[in-house]
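# Structural features, examined
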Amino acid sequence: MSENDQHDSKEQGNAFSHEAQQGQTGFLAEFMDFLLHNKKWWITPILIVLLFVGLLVMLGGTAAAPFIYTLF
């Protein structure tokens, strides 16, 4: 192994340990980072609609159900 390979290996190890010592990011921060770097903005409206439908399903079993049924 040459000296350059050993130096690169040490730098990669240091970068890995630096990343490992940082705190965890939240789900929303990770998702926003994914959207920004991969330019997948078309996923956002789909997720919003799915969350809204899930909220309606959850509220359908509560006392708010009669008010939700009037929406449809």
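Below is a short write-up of the structure. What you are looking at is a predicted structure, and each value in this text was computed from that prediction instead of being measured. (Residues numbered from 1 in each chain as written. Predicted model: local features only at pLDDT ≥ 70, side-chain atom pairs only at ≥ 80, totals over all residues. Heavy atoms only, no water.)

### Some thoughts on the overall build of the protein chain
For the protein chain, the helix and strand inventory stands at four helices and zero strands. Secondary structure of the protein chain in N-to-C order comes out as α-α-α-α. Expressed as a percentage of the 72 residues in the protein chain, the buried residues total 7%. Put simply, the protein chain shows about 6,600 Å² of open surface, and 66% of that area lies on carbon and sulfur atoms. (Helix = DSSP H or I, 4+ residues; strand = E, 2+ residues; numbered from the N terminus. Buried < 20%, exposed > 50% of the residue type's maximum accessible area, 1.4 Å probe, protein only. Areas by Shrake-Rupley, 256 points an atom, 1.4 Å probe, with all protein chains shown as cover.)

### So, the packing of aromatic side chains
Overall, the coordinates contain two aromatic pairs when judged by the stated rule. Judged by centre distance (6.4 Å) and plane angle (10°), the rings of Phe27 and Phe31 are stacked. In this pair, Phe27 and Phe31 both sit in helix H2 (residues 27-38), four residues apart, roughly one turn of the helix. Note on Phe27: relative accessible area 66%, which makes it exposed. An aromatic cluster of three or more residues is present, and its members are Phe27, Phe31 and Phe34. (Phe/Tyr/Trp six-rings, centres within 6.5 Å; stacked < 30°, edge-to-face > 60°.)

### Describing a nonpolar patch on the surface
Taken together, Val49, Phe52, Val53, Leu55, Val57 and Leu59 make up a surface patch of nonpolar side chains, about 530 Å² in accessible area. Mapped onto the elements, Val49 comes out in helix H3 (residues 43-59). (Patch = residues over 30% accessible without salt bridge, like charges linked within 9 Å, V, L, I, M, F, W, Y side chains within 5 Å. Salt bridge = Lys/Arg side-chain N within 4 Å of Asp/Glu carboxyl O.)

### Notes on unusual backbone geometry
Positive phi is not limited to glycine here, since Lys39 has a value of about 55°. Take Lys39: it is sitting in the loop between H2 and H3. Owing to a relative accessible area of 61%, Lys39 belongs among the exposed residues under this scheme.

### Quick look at the environment of Gly60
With respect to the element layout, Gly60 can be found in the loop between H3 and helix H4 (65-69). For Gly60, a relative accessible area of 25% translates into the label partly exposed. Residues contacting Gly60, with those up to four places away along its chain left out, are Ala65, Ile68 and Tyr69. (Contact = heavy atoms within 4.5 Å.)

### Re H2
Taking 1.5 Å per residue, twelve residues should reach 16 Å; H2 reaches 16 Å between its end C-alpha atoms and fits that length. Just beyond H2, the residue with positive phi is Lys39, at close to 55°. (Expected span 1.5 Å × (residues − 1).)

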